[in-house]
Amino acid sequence: MTPPLTVRQALQTDASAIARIHNQGIEERGATFETALRTVEGIEAVLREKGDRYPTIVTVRGGDVVAWAAVSPYSSRECYAGIAEFSVYTERSARGTGAGRAAMEGLFRACEERGFWKLTSRVFPENRASLTLLGKLGFRQVGTHRRHAKVDGVWHDCIIVEKLLGEALEA
Ligand SMILES: CC(C)(COP(=O)(O)OP(=O)(O)OC[C@H]1O[C@@H](n2cnc3c(N)ncnc32)[C@H](O)[C@@H]1OP(=O)(O)O)[C@@H](O)C(=O)NCCC(=O)NCCS
């Protein structure tokens, strides 16, 4: 039987799994403009810098981290302090098994507890898996940035997505 999925806050000791999973997505070139591979030390430093304010959630199955979702600052302007940018990545062999959804749902809870009122990100129009996952999680497609940046010399558009949380949901 497949072990159940659980979610929890990331620990420093998860840095290696987070880096490995992120690097799969970077190498595939379908998820991000970034091409520099992550290192364990780099992830450890990012987790330290973010502290408790910008949570990283991991999905665990059978003791292994199989997905992660994290937020980072949207803007240094104080008026936007409740907006965060998010990322979500699932281990290649675990995709389509609910791990990304579980990490995102854990991230929503963690962000609401910290008073965030909006999550936003940019998604390549070709990234059907991400757009489907985010659509099912209640993200709205705000619009499209044309030719937002290049990956390996090729322009890509980006669909901007957003989801309201907590206080912003109240009528
Ligand atoms: C996008 C990504 C995070 C999705 O994570 P995942 O763990 O595979 O997704 P889940 O198994 O939790 O699926 C969640 C929902 O999305 C749908 N979905 C997932 N992958 C899909 C695909 N390739 N095509 C269509 N729908 C898909 C599932 O049907 C599921 O629906 P349900 O909850 O109603 O059953 C994963 O494909 C990934 O890591 N891709 C590479 C990195 C990336 O693109 N990150 C996002 C950057 S914006």
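Residues numbered from 1 in each chain as written. Predicted model: local features only at pLDDT ≥ 70, side-chain atom pairs only at ≥ 80, totals over all residues. Heavy atoms only, no water.

**Observations regarding the nonpolar core**
Phase 1 of the analysis: Residues Val71, Phe86, Met104, Leu107, Leu119 and Phe139 are the most contacted members of the largest nonpolar core, which totals 24 residues.
Phase 2 of the analysis: Where this core is concerned, the elements lending two or more residues are strand S3 (64-73), strand S4 (83-90), helix H3 (99-113), strand S5 (118-123), helix H4 (128-136) and strand S7 (154-164).
Phase 3 of the analysis: When residues of this core are assigned to their parent elements, the largest contribution, 6 residues, is made by H3.
Phase 4 of the analysis: Apart from the residues within four sequence positions on either side, Leu107 is in contact with Pro55, Ile57, Ala69, Ala70, Val71, Phe86 and Leu119.
Phase 5 of the analysis: With 14 residues, the next largest nonpolar core counts Ala10, Ala17, Val58 and Ala70 among its residues. (Core = buried A, V, L, I, M, F, W, Y, C linked by side-chain atoms within 4.5 Å. Buried < 20%, exposed > 50% of the residue type's maximum accessible area, 1.4 Å probe, protein only. Helix = DSSP H or I, 4+ residues; strand = E, 2+ residues; numbered from the N terminus. Contact = heavy atoms within 4.5 Å.)

**Thoughts on the site of the ligand**
Phase 1 of the analysis: Val88, Gly98, Gly100, Arg101 and Asn127 are the nearest of the 18 residues found near the ligand.
Phase 2 of the analysis: Backbone polar atom of Val88 to a nitrogen atom of the ligand: 2.8 Å apart, as the coordinates give it.
Phase 3 of the analysis: Gly96 places a polar main-chain atom, nitrogen or oxygen, 2.8 Å from an oxygen atom of the ligand.
Phase 4 of the analysis: For the shell around the ligand, the elements supplying multiple residues, two or more each, are S4, H3 and H4.
Phase 5 of the analysis: The element best represented in the shell around the ligand is H4, accounting for 5 residues. (Near = heavy atom within 4 Å. Polar contact = N/O pair within 3.5 Å; in protein donor to acceptor, adjacent residues only side chain to side chain.)

**A look at the environment of Leu137**
Phase 1 of the analysis: Inspection of the secondary structure assignment puts Leu137 in the loop between H4 and strand S6 (140-151).
Phase 2 of the analysis: Judged by relative accessible area, Leu137 falls into the buried class, the value being 6%.
Phase 3 of the analysis: Along the backbone, Leu137 and Arg101 are 36 residues apart, and their C-alpha atoms lie at a distance of 7.6 Å.
Phase 4 of the analysis: Setting aside its immediate chain neighbours within four residues, Leu137 contacts Arg101, Met104, Glu105, Phe108 and Lys163.

**Regarding the packing of aromatic side chains**
How two aromatic rings sit relative to each other is set out by the distance from centre to centre and by the angle between their planes.
Phase 1 of the analysis: Counted by the stated rule, this structure contains 6 aromatic pairs.
Phase 2 of the analysis: Taking 5.0 Å as the distance between ring centres and 80 degrees as the angle between the ring planes, the aromatic pair formed by Phe33 and Phe124 counts as edge-to-face. One end of the pair, Phe33, is in the loop between helix H1 (15-28) and helix H2 (40-50); the other, Phe124, is in the loop between S5 and H4, and 91 residues separate them in sequence.
Phase 3 of the analysis: Measuring from centroid to centroid gives 5.6 Å for Tyr54 and Phe116, while their planes differ by 50 degrees, and the two rings are tilted. In this pair, Tyr54 sits in the loop between H2 and strand S2 (56-61) while Phe116 sits in the loop between H3 and S5, placing the two residues 62 residues apart along the sequence.
Phase 4 of the analysis: For Tyr54, a relative accessible area of 17% puts it in the buried group.
Phase 5 of the analysis: The buried category is assigned to Phe116, whose relative accessible area is 1%.
Phase 6 of the analysis: Members of the aromatic cluster, connected to one another through ring pairs, are Phe86, Phe108 and Phe139.
Phase 7 of the analysis: Its end group placed over the ring of Tyr54, Arg53 keeps NZ or CZ at 5.8 Å from the ring centre. (Phe/Tyr/Trp six-rings, centres within 6.5 Å; stacked < 30°, edge-to-face > 60°. Lys NZ or Arg CZ within 6 Å of the ring centre and 35° of its normal.)

Everything listed is a geometric property; what it means functionally is a separate question.
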